[in-house]
Amino acid sequence: TVTQEQLLATVEELNADPRIHGILVQLPLPRHIDEAAVLESIAVAKDVDGFSAENIGRMCLRGGEPPLALPCTPAGCVELLQRSEIQVAGKEVVVLGRSNIVGMPVAHLLQSMDATVTVCHSRTADLPAQVRRADIVVAAIGRAELVKADWIKPGAVVIDVGVNSKPAPEDKRGYKLCGDVDFD
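Orientation of helix H4 (residues 72–83) relative to helix H5 (residues 103–112), taken along the N-to-C sense of each, is 40 degrees, at an axis distance of 8 Å. Looking at the two axes, H4 sits oblique to H5. Crossing hand, H4 versus H5: right-handed. The segment H4 lies against H5, with Pro 74, Ala 75, Cys 77, Val 78 and Leu 81 engaging Pro 105, Val 106, Leu 109 and Leu 110.

This paragraph deals with the pattern of salt bridges. Enumeration over the complete set of coordinates arrives at 8 salt bridges. One salt bridge in this structure joins Asp 135 and Lys 153, with 2.8 Å as the shortest N-O distance. Placement of Asp 135 in the loop between helix H6 (127–132) and strand E3 (136–139) and of Lys 153 in the loop between E3 and strand E4 (157–160) is noted, with a sequence separation of 18 residues between them. By relative accessible area, Lys 153 is classed as partly exposed at 29%. A salt bridge links Arg 173 to Asp 171; the nearest nitrogen and oxygen atoms lie 3.4 Å apart. Among the residues examined, Arg 173 registers a relative accessible area of 48% and is labelled partly exposed.

Moving on: the sheet that holds E4. Sheet architecture is open: 4 strands sit in the order E2-E1-E3-E4, paired in parallel fashion. On the outer flanks of this sheet lie strand E2 (116–120) and E4, each paired with one strand and no other. Direction aside, the axes of adjacent strands within the sheet are offset by 15 degrees on average. Two strands pair when backbone bridges link them, and E3 and E4 are joined in this way by 4 bridges, in the parallel orientation. The residue of E4 that forms the bridge with Val 137 is Val 158. Against the sheet, H4 contacts E3 and E4, and its axis sits at roughly 150 degrees relative to E4. The strands touched by H5 within the sheet are strand E1 (92–96), E2 and E3, with E2 carrying the most contacts at an inclination of about 170 degrees.

With that settled, the discussion passes to H5. The complete set of buried residues in H5 reads Gly 103, Pro 105, Val 106, Ala 107, Leu 109 and Leu 110. Here the buried face of H5 lies against helix H3 (53–60), H4, E1, E2 and E3. Just past H5, the residue Asp 114 takes up positive phi, approximately 70 degrees.

Reading the values: rules and limits
- Residues numbered from 1 in each chain as written.
- Predicted model: local features only at pLDDT ≥ 70, side-chain atom pairs only at ≥ 80, totals over all residues.
- Heavy atoms only, no water.
- Axes fitted to C-alpha atoms, helices over the stretch in contact; angles between N-to-C directions.
- Helix = DSSP H or I, 4+ residues; strand = E, 2+ residues; numbered from the N terminus.
- Parallel < 35°, antiparallel > 145°, perpendicular 65-115°, else oblique.
- Left-handed = near helix turned anticlockwise from the far one by under 90°.
- Contact = heavy atoms within 4.5 Å.
- Salt bridge = Lys/Arg side-chain N within 4 Å of Asp/Glu carboxyl O.
- Buried < 20%, exposed > 50% of the residue type's maximum accessible area, 1.4 Å probe, protein only.
- Pairing = 2+ DSSP bridges.

Structure follows, in structure tokens:
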């Protein structure tokens, strides 16, 4: 396994190499590596994930310079809504999850589209009631099939970006992949 020092040295080499135009660090990182330190070491101009403080700051501020890159999964959620011609402005949106990778960036992007956004997490009181209010739900909480059908109001749009595994003895792998929303 790689040490934090080795990873930081590699990022610095890539930052300095003019032939390299973008750097993407696959998250999450092993527990012994400080994720924030690694992400902060990436040159802003090469931050293709849009996770640098400068890119996130630009994304969150109204007006001013746009970010050089947007986090890809949140940008993909917005793209899905736009291509599906879903009205976002004025809608109640519940984002399940507050990660730096999906939850917080997608909340900011949807706010910038004039949605009213509530960010919920594992400690949110009466999570089902919060979700039932939503016109749009983005599930990114990292809990297999947490959201049940009776949590979703009729006509609501649901985007499930959760990737989880659950036991499946009938499968040769012994597990199956599922999202945060229980669709079965």
